[in-house]
Amino acid sequence: MSKIVNPTKVITSPQTRWSYANVWDAKSINGGAPKYSVSLIIPKSDTKTVEKIKAAIQAAYEEGQSKLKGNGKSVPALSVIKTPLRDGDTERPDDEAYKNCYFINANSATAPGIVDADRNPIMERSEVYSGVYGRASISLYAFNSNGNRGIACGLNNLQKISDGEPLGGKARAEDDFDTEDDDDFLS
């Protein structure tokens, strides 16, 4: 049985870091429909994943030509429409997590499946946070709504591979209390 290859679907490498991980509860942005979302931070050195995403953007562009054209006379060039792969050095110069990386924001109206390295479902919310490393299954597609045209990134599923330094400045409880320094307990 041969596997059907979808040119607009990408599985990122395990070096992908998750940020702004809203994967347990859908959140509304600017009053829009609530969505699950994650920002995928991809090292520029991970050229294999970056090339797969660029190829999927191209495939989504070719597949979505009629949608991108809309009521216009022609399809806008890929270079002039919004695309989801962004440069962290340019767009987030003050954020160390995005240094020497690309990022892509993926979202979905339905909850992503979340599994561990052995592909067992993760049920414990504290296991998945902004800063972990893992693979993401994403799909790229063309959109044309309210005068905005481009390629967007849908979130399918996530696989946590390893823990990472939490992003967002909030320390984990395990780290806050890992000291044996109880000297001032009753002083």
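Residues numbered from 1 in each chain as written. Predicted model: local features only at pLDDT ≥ 70, side-chain atom pairs only at ≥ 80, totals over all residues. Heavy atoms only, no water.

(A) Structural context of the side chain of Thr12. Counting through the fold element by element, Thr12 comes out in the loop between strand 1 (9–11) and strand 2 (17–27). Thr12 gets classed as buried once you look at its relative accessible area, which sits at 1%. A distance of 3.1 Å separates the side chain of Thr12 from the side chain of Thr16, its partner in a polar contact. A distance of 2.9 Å separates the side chain of Thr12 from the backbone nitrogen of Ala136, its partner in a polar contact. If we skip the residues at most four places from it in the chain, Thr12 touches Thr49, Gly134, Arg135, Ala136 and Ile138. (Helix = DSSP H or I, 4+ residues; strand = E, 2+ residues; numbered from the N terminus. Buried < 20%, exposed > 50% of the residue type's maximum accessible area, 1.4 Å probe, protein only. Polar contact = N/O pair within 3.5 Å; in protein donor to acceptor, adjacent residues only side chain to side chain. Contact = heavy atoms within 4.5 Å.)

(B) Local environment of helix 1 (residues 47–63). Here helix 1 spans 24 Å end to end across 17 residues, near enough to the 24 Å set by a 1.5 Å rise per residue. Taken as a whole, helix 1 has its buried residues at Thr49, Val50, Ile53, Ala56, Ile57, Ala59, Ala60 and Tyr61. In this fold, the buried residues of helix 1 make contact with strand 1, strand 3 (35–43), helix 2 (65–69), strand 5 (101–108), strand 7 (133–145) and strand 8 (148–162). (Expected span 1.5 Å × (residues − 1).)

(C) How the structure looks around the nonpolar core. With 31 residues, the main nonpolar core has Val38, Ile138, Leu140 and Ile151 as its most contacted residues. Mapped by element, the contributors of at least two residues to this core are strand 2, strand 3, helix 1, strand 5, strand 7 and strand 8. Examining the composition of this core, we find that six residues originate from one element, helix 1, more than from any other. Grouped together as the second largest cluster of nonpolar side chains are five residues, Ala97, Tyr98, Cys101 and Phe103 included. (Core = buried A, V, L, I, M, F, W, Y, C linked by side-chain atoms within 4.5 Å.)

(D) Structural view of the pattern of salt bridges. Throughout the structure, instances matching the rule amount to six salt bridges. Ionic contacts of the salt-bridge type, sharing partners, join the residues Lys44, Asp87 and Asp89 into one network. (Salt bridge = Lys/Arg side-chain N within 4 Å of Asp/Glu carboxyl O.)

(E) Representation of the packing of aromatic side chains within the structure. Counting across every chain of the model gives one aromatic pair. For the ring pair Tyr98 and Phe103, a centre distance of 5.1 Å and an interplane angle of 85° mean the geometry is edge-to-face. Note on Phe103: relative accessible area 0%, which makes it buried. Sitting above the plane of the Tyr98 ring, Arg92 keeps its charged end 4.6 Å from the centroid. Of note, Arg92 hangs over the ring of Phe103, and the distance from its end group to the ring centre comes to 4.8 Å. (Phe/Tyr/Trp six-rings, centres within 6.5 Å; stacked < 30°, edge-to-face > 60°. Lys NZ or Arg CZ within 6 Å of the ring centre and 35° of its normal.)

(F) Seen up close, the side chain of Thr16. By secondary structure assignment, the location of Thr16 is in the loop between strand 1 and strand 2. Thr16 gets classed as buried once you look at its relative accessible area, which sits at 0%. The contact partners of Thr16, leaving out residues within four places of it in the chain, are Leu40, Ile41, Ile42, Val132, Tyr133 and Gly134.

Read these as geometric descriptors, not functional statements.
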